[in-house]
Amino acid sequence: MNRTITLLLLTAALASYSQDFSTFKYRNLGPYRGGRVTAVAGIASEPATFYLGATGAGVWKTEDYGTTWRNVSDGFFSTPSIGALEVAQNDPNIIYVGTGSDGLRSNVIEGKGVYKSIDAGETWMHVGLENVGQIGAVRIHPTNHNIVYVASVGKAFNANPERGIFKTEDGGKTWKKILYVSEKTGFSDIEFLSSNPEVLFASAWKAERKPWTIISGGSPEEGGVYKSIDGGKTWNQVNKGLPNNLIGKIDVAVTPADSKIVYALIEAPNDEGGLFKSVDQGESFELVSNKDFIRTRPFYYNNIRVDPKNADIVYSLATRYYKSIDGGKNWERMNPPHGDNHDMWINPDNPDLFIQANDGGANVTHNGGKTWSTQFNQPTAEIYQVEVDDQYPYWVYGGQQDNYTTIAVPSLTPYGNQVGGTGYILNTGGCETGPAVPKPGNPDIVYSNCKGRFGVFNKNTGTEMQFYVGASNMYGHNPKELKYRFQRVSPIHVSPHNPDVVYHCSQYVHKTTDDGKTWETISPDLTAFEEDKQVISGSPITRDITGEEFYSTIYSIQESPISEGLIWVGANDGPVHVTKDGGKTWTNVTPAKLPSGGRVDAVAPSPHDPAKAYISVLRYQLGDQKPYIYKTANYGKSWELLTTGTNGIPADYPTRVIREDPERAGLLYAGTEYGIFISFDDGKNWKSFQQNLPITPITDLKIHRNDLVMATMGRGFWVVDNIESLRNENFTEISENTLFKPANTIRYRYPTANRGDAMPNYPAQTVAIDYFLEEKTDAIKLEIKDVDGNIIAIFVSDTTKSEVKDEIIENMDLSATTYIINKSLTTNQGMNRFEWDMSMTGPWHSQNNRRFKGGPLAKPGKYDVVLTVEGRSYTNSFELIIDPRVKENGVSESDISSQVDFQMKVGNLLSDARKMENELADEVKKLKSNESLSEEEQTTLNNSKTKLEQLRTEEGIYMKPMLVDQISYLYFMLNRADQVPGKDAFDRYEELKGVLEKLKE
């Protein structure tokens, strides 16, 4: 091979290894309370098995009636948004999923077509319709699972020609559009007549969202019910008995209990809409109920289901959940675990067994809805933003979609708990929208928002004081009438220079210095405020005004962390402004080439240069899927676009958030609609930083204590523990063996708790030691040394291929080989990470897999780590920091140092006792194997047995603990907390030491 080509290939290979991110793993923090689920399905022949499809979390499966759930779509789906799913009842291995929820909220995630599984969800293949947008229904032919129908609502934010009803007859290899109205009218539902699958009903729906309004419905020519009697070859629109003015979203329901019955829940003005019933297979309909509660917010709900064995039992799913037993004339309310109801699937063999979906997750009932499975086992929360506090360990805060309060979860387990996981969810005021911002220096105080209403939550009392700017109810208003326009997720920001200065934004920036008791407006209107966008939201049929569609409001605000009074703000209708004097004067610095009208989702002043800042703009609500991240280096006078569509972030990945690393200038993290990206060169080039993070929108990012913390729209909070190595200036260029500098690490102890299988997984704190290997090697060695050069722990990856097996370490009175074989000390080419649990070399044990394990936690202080690769050593240093909580409780570093010294003395005593026990046991075994002992040997055997009986506890139940167990008991007592050992511990040590010395004599 040409030498130049060889060198180029080698260079490319090394470059790829140096940007190996696999050591940086994401950890899910929960919360383990479900998020919005819009599609569910089950299997008649496997009654314990159900599937759920979430709006930002993909497809999940339970095989135990909802007791546990597992994700089955991660790694296969390119979007986490699920609109419909169906299982072939004649072959439950066959599943079709339509992506893109038909609940057209402003934060809806775009669909990417249809997926199919032929092995009950273990693997998936994409089978087309990538550009249809949101899918309202998928229906599989009851006897031929290769025949499938799809109802396409269309793109949520713009017209598209791929709307309509689609059919495949070859299992998804090819699709044919068999019903079409227009680029603005799609279809939300399609149903088979139960007795004859050639008879179909489809519901047309003119639907589109704008940032300022919801369009749902049109003329009868733009919507309505369609019927086919030949498998979709031809269609006729049904008009008899249906609304003849405006018509909106429609859901159709049929039942095998009576093939002539067809129900349709129809959005129409005033009393014209409601539940319609046909008794002639859909040829004509009659209105049977126009109760308001069965047709609330049709664009979001509007779902009807019928019992498979009784055509008079009808279920309505909307804000609340209702059941009728007389064909829809009268209704009684049902009580699922959560409100805002979207879907249900009823077992056709047992109608009391069904699964139901809502904004809190999915839940299963065995008894017709009297009791339900839990929703606290689904980590599918939709989180709008992320904030962190300054306690130890830190907690993570945000607003969770459709929760009555904002929430906080810990980054590590803060205390022992009988049941892990769900118990670590703290209410923090405000409501679902958030944000929740803890006060620096006092995490018991949280500034929270609820749809523009500012509150001050006190964790100690559990109550929230209310200080609304303007104190005026905004619901139901045209935004142009309002004095203050607060978006549903109005930002709150605490000054990084003064924790008593808090900003809150409408179209103005408001400032308080007394926790909201008084407010000062420090800006003019900083939005575009286009007159034609200030409208009553919800047209032409259903009015819907919750603040979500207030268009001209400030959406993001950040004060520079290095220049007090330098404040950046971005509006949800496009403009970017900056002030250098704390709000006295403001300058419009909107990038000249930025298309107008987009939502400035994040502003990010640089933590290194006051003139530098970044913005991330989301324009998908205007039908524009392009990524928009801009950078300025001159206070906004000029801007550079950092997302060209060809420099790493794909051209159809809308961007939500941008942050610069506080330690390394130009190291950027970007959250997009489909994952996270990283740049080492200030945005010139981007690389995916996804690793094990599922595909889901990244709504917000924070870098805190060397961790990367994020919120997602469908999978809760996540964290990458310890990103210190990324800050190495040569990270992208490393091509030879390298030991990265470990981050200074807080010396946490894991509290006593029931860990088990509880979620989330809170690991014990460790020191992350990252190293790069230029090629895979047989074995490596890692040593931890204190400031005096003493080896306190030594690990090897594989003693069978290392010279370390012959190495004797004279260390801390232990004359023994003190290496520990640890398979997590990996030797892979590229990046590797070893998690040191901060424990020193423990006592000797006769069992190799327990030898030198369980040593005391190393003292607070400075340490060196030494990596040896094929005879060459590399050294770096770090510090273990005392747990601030321990220090606050009166235990000093000197106390811990004395405790560790004493622990080592007890550990050495335990090692001596165990070795003596082992030697005596070997001697007794050897002598007993000799059938003819001399008198001297018999005396030795008797003496050895006597000593062994004093050292070793006899086997059995509740036997008397002998010396080795007594020393082990003392050792265990000293290793549970940072403390000054009690006098009894020292006295007991001297007593046990004396007993062992006598035995040695």
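What you see is a predicted model; the values in this text were computed from it and never measured. (Residues numbered from 1 in each chain as written. Predicted model: local features only at pLDDT ≥ 70, side-chain atom pairs only at ≥ 80, totals over all residues. Heavy atoms only, no water.)

Visitor: So what about unusual backbone geometry? Which residues, and what values?
Guide: Most peptide bonds are trans, and most residues other than glycine sit at a negative phi. In this structure, the amide linkage connecting Gly30 to the following residue, Pro31, adopts the cis form with an omega of 10 degrees. On the secondary structure map, Pro31 appears in the loop between strand E1 (26-30) and strand E2 (37-42). Between Tyr392 and the following residue, Pro393, the backbone shows a cis peptide bond with an omega angle of -15 degrees. Positionally, Pro393 belongs in the loop between strand E30 (387-388) and strand E31 (395-398). Look at Tyr65: it is not a glycine, yet its phi comes out positive at around 60 degrees. Positionally, Tyr65 belongs in the loop between strand E4 (59-62) and strand E5 (70-71). A positive phi angle is found at Ala471, which is not glycine, with a value near 50 degrees. (Helix = DSSP H or I, 4+ residues; strand = E, 2+ residues; numbered from the N terminus.)

Visitor: Can you tell me about the packing of aromatic side chains, naming the residues and giving the values?
Guide: What characterises a pair of aromatic rings is the spacing of the ring centres plus the angle enclosed by the ring planes. Inspection of every chain in the model, using the stated rule, returns 37 aromatic pairs. Both rings, one in Phe77 and one in Trp124, keep their centres 5.3 Å apart while their planes meet at 90 degrees; by these two values the pair is edge-to-face. Of this pair, Phe77 sits in the loop between E5 and strand E6 (82-87) while Trp124 is found in the loop between strand E8 (114-117) and strand E9 (125-126), placing the two residues 47 residues apart along the sequence. Three or more aromatic residues joined by ring pairs make a cluster, and in this case those are Phe21, Phe24, Tyr26, Phe680, Phe689, Phe731 and Phe740. A cation over an aromatic ring shows up here: Arg105 above the ring of Tyr300, its NZ or CZ 4.9 Å from the ring centre. (Phe/Tyr/Trp six-rings, centres within 6.5 Å; stacked < 30°, edge-to-face > 60°. Lys NZ or Arg CZ within 6 Å of the ring centre and 35° of its normal.)

Visitor: Go over the packing of helix H5 (residues 963-974) against helix H6 (residues 983-1000) with me, naming the residues and quoting the values.
Guide: Contact pair H5 / H6: the axes reach a minimum separation of 11 Å and the direction vectors enclose 155 degrees. If you check the angle between H5 and H6, you find them roughly antiparallel. As for how H5 packs across H6, the hand of that crossing is left-handed. Only Ala985, Arg988, Tyr989, Leu992, Val995, Leu996 and Leu999 of H6 make contact with H5, whose side of the interface consists of Leu963, Gln966, Ile967, Leu970, Met973 and Leu974. (Axes fitted to C-alpha atoms, helices over the stretch in contact; angles between N-to-C directions. Parallel < 35°, antiparallel > 145°, perpendicular 65-115°, else oblique. Left-handed = near helix turned anticlockwise from the far one by under 90°. Contact = heavy atoms within 4.5 Å.)

Visitor: Give a detailed account of the pairing of strand E40 (residues 509-512), specifying residues and quantitative values.
Guide: With four bridges joining them, strand E39 (residues 502-505) and E40 adopt antiparallel strand pairing. Counted as the bridge partner of Val502 is Thr512 from E40. Between E39 and the antiparallel strand that follows it, E40, lie three residues. Sheet analysis places E40 next to strand E41 (residues 520-521), joined by two bridges and oriented antiparallel. (Pairing = 2+ DSSP bridges.)

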